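Structural description and commentary
The residues making up each chain are set out below.
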Amino acid sequence: MPDSRSEASSAAARPDQFTLPDSLIAYLAGERSPPLALMQLLLHCGSVTACEQLLEAAGAHGSSVQVVQRQGLEELRHLLASRREQCLSLEPLLQAELPGDDGGQDSVSAWAQFFDAAVAQAAPASVALYSLGDPELLDAATGEVLDYFTEQGLLGPRRRILQIGCGIGRFEAVLAPLVAEAHGIDISPGMINAARQRCAGLANVHLACCSGRDLAPFADFSLDMVYAVDSFPYLHESGGALLETHFAESARVLTRGGDLLILNFSYRNDPEQDSREINRLATRHGFKVLVDGVQPFRLWDGRVWHLRLA
Ligand SMILES: C[S@@+](CC[C@H](N)C(=O)[O-])C[C@H]1O[C@@H](n2cnc3c(N)ncnc32)[C@H](O)[C@@H]1O
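This one's a predicted model, so the numbers in the text were calculated from it and none came from an experiment.

Applying the stated criterion across every chain yields a total of 15 aromatic pairs. Look at Tyr 148 and Phe 297: their rings are 5.8 Å apart centre to centre, the planes differ by 75 degrees, and that puts the pair in the edge-to-face class. Taken together, the residues span a long stretch of sequence, with Tyr 148 in helix α9 (residues 135-151) and Phe 297 in the loop between β6 (287-294) and β7 (304-309) at a distance of 149 residues. A relative accessible area of 7% places Tyr 148 in the buried class. One aromatic cluster is present, built from ring pairs that chain together Trp 111, Phe 114, Phe 115, Tyr 234 and Tyr 267.

What follows is the structure, encoded as structure tokens:
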């Protein structure tokens, strides 16, 4: 759930000094899908009404907005109008105070509480705000990741895989028929409950609450792939030691030649720094970096790092 609330918005209040937010510029340049752009604008604005005002102000902003950009703005306005009710239901998530804002509290348990509250409010949006709370959009985004894993040869009937930060179990549900064992762990009991409901009846899915600090429940050399979709940013937020431990732990539980897939590493918006940090951690823990921060998806701007244990 990336947070672009820090991107200052003066659009609705001061149309005379109007500047397009970075996320809108990226969308108009063809670098974002409409749902992703809308999610980023909603985060930026904090409410549906403010987002509507911003889109209107952007469209009214004289000759500097080209025809093709006007069409893009119109598409976003239409998307927001057609999903207004769903977007309104996301407002508590958009406006929620993020752990760390108040300082002090142990950050892993603060994130667990945050995600417990989020999944209780809106399950699809709690794991991927860009779904705009729409289960079909979430399924489509999940399918893109599934296709990527398949193309990369990461799945197979003998593979035992673990997701760190499995959320509502959307990946375990689709990956279970394609692997031997699909494990998922998460710090949020609410997420694990939702995942258990989603994966009920899938005998090779194993879900558990975890400490968020290590992979202690898993034996050495017991897994063929460890992956994390949008959960490393929270480890990153929780401090450097957690990243180091999760690299060391992944190296411990993987078989030789096993794969570590990190889909999004941080939300600091600096992919080059992310790559440098991942390459350093990879070297320290015996991984080779096979894929270094590519963005292979259409619906989602997630970056992929694929590491293989030497
Ligand atoms: C944005 S959600 C993504 C969930 C899931 N990967 C997906 O894409 O559907 C991030 C998840 O990471 C979990 N999480 C955060 N910090 C974690 C940690 N230290 N260990 C395990 N899970 C963590 C959260 O509880 C939340 O369910």
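On the secondary structure map, Phe 115 appears in helix α7 (residues 107-121). Spatially, the C-alpha atoms of Phe 115 and Ala 282 are 28 Å apart, while their sequence positions differ by 167 residues.

On to the site of the ligand. In the vicinity of the ligand lie 20 residues, with Gln 163, Gly 165, Arg 170, Asp 186 and Val 229 positioned nearest. Side-chain polar atom of Gln 163 to a nitrogen atom of the ligand: 2.8 Å apart, as the coordinates give it. Alone, the ligand offers 600 Å² of accessible surface; in the complex the protein occludes 99% of this. Contributions of two or more residues to the shell around the ligand are made by α10 (170-175) and α12 (232-237). The class makeup of the residues in the shell around the ligand is eleven nonpolar, six polar and three charged.

This part covers the domain arrangement of the protein. Along its sequence, the protein is organised into domain 1 (15-92) and domain 2 (135-309). Here the C-alpha centroids of domain 1 and domain 2 sit 31 Å apart. On the domain 2 side, the residues contacting the six residues of domain 1 number five residues. Where domain 1 abuts domain 2, roughly 410 Å² becomes buried across the two surfaces, and 61% of that area is made up of carbon and sulfur atoms. If you sort the residues of domain 1 by the area they bury against domain 2, Ser 33, Pro 35 and Leu 36 come out on top, with a joint share of 70%. For the pair domain 1 and domain 2, the number of links is zero salt bridges. Here the residues of the side of domain 1 that touches domain 2 sort into two nonpolar, two polar and two charged.

To continue, consider the packing of helix α3 (residues 48-59) against helix α4 (residues 67-82). A pair of packed helices is characterised by two quantities: the angle between their axes and the separation of those axes. The geometry of α3 relative to α4 is characterised by a closest axis approach of 10 Å and an angle of 160 degrees between their N-to-C directions. Overall, the two elements α3 and α4 adopt an arrangement that is roughly antiparallel. Two packed elements cross with a definite hand, and for α3 against α4 that hand is left-handed. Each of Val 48, Cys 51, Glu 52, Leu 55, Glu 56, Ala 58 and Gly 59 in α3 lies in contact with α4, whose residues at this interface are Arg 70, Leu 73, Leu 76, Arg 77 and Leu 80. The residue inventory of the contact of α3 with α4, partitioned by class, reads seven nonpolar, one polar and four charged.

Reading the values: rules and limits
Residues numbered from 1 in each chain as written. Predicted model: local features only at pLDDT ≥ 70, side-chain atom pairs only at ≥ 80, totals over all residues. Heavy atoms only, no water. Phe/Tyr/Trp six-rings, centres within 6.5 Å; stacked < 30°, edge-to-face > 60°. Helix = DSSP H or I, 4+ residues; strand = E, 2+ residues; numbered from the N terminus. Buried < 20%, exposed > 50% of the residue type's maximum accessible area, 1.4 Å probe, protein only. Near = heavy atom within 4 Å. Polar contact = N/O pair within 3.5 Å; in protein donor to acceptor, adjacent residues only side chain to side chain. Areas by Shrake-Rupley, 256 points an atom, 1.4 Å probe, with all protein chains shown as cover. Nonpolar A, V, L, I, M, F, W, Y, C, P; charged D, E, K, R; others polar. Domains from an automatic or database assignment. Contact = heavy atoms within 4.5 Å. Buried area = accessible area lost by both parts, 1.4 Å probe. Salt bridge = Lys/Arg side-chain N within 4 Å of Asp/Glu carboxyl O. Axes fitted to C-alpha atoms, helices over the stretch in contact; angles between N-to-C directions. Parallel < 35°, antiparallel > 145°, perpendicular 65-115°, else oblique. Left-handed = near helix turned anticlockwise from the far one by under 90°.

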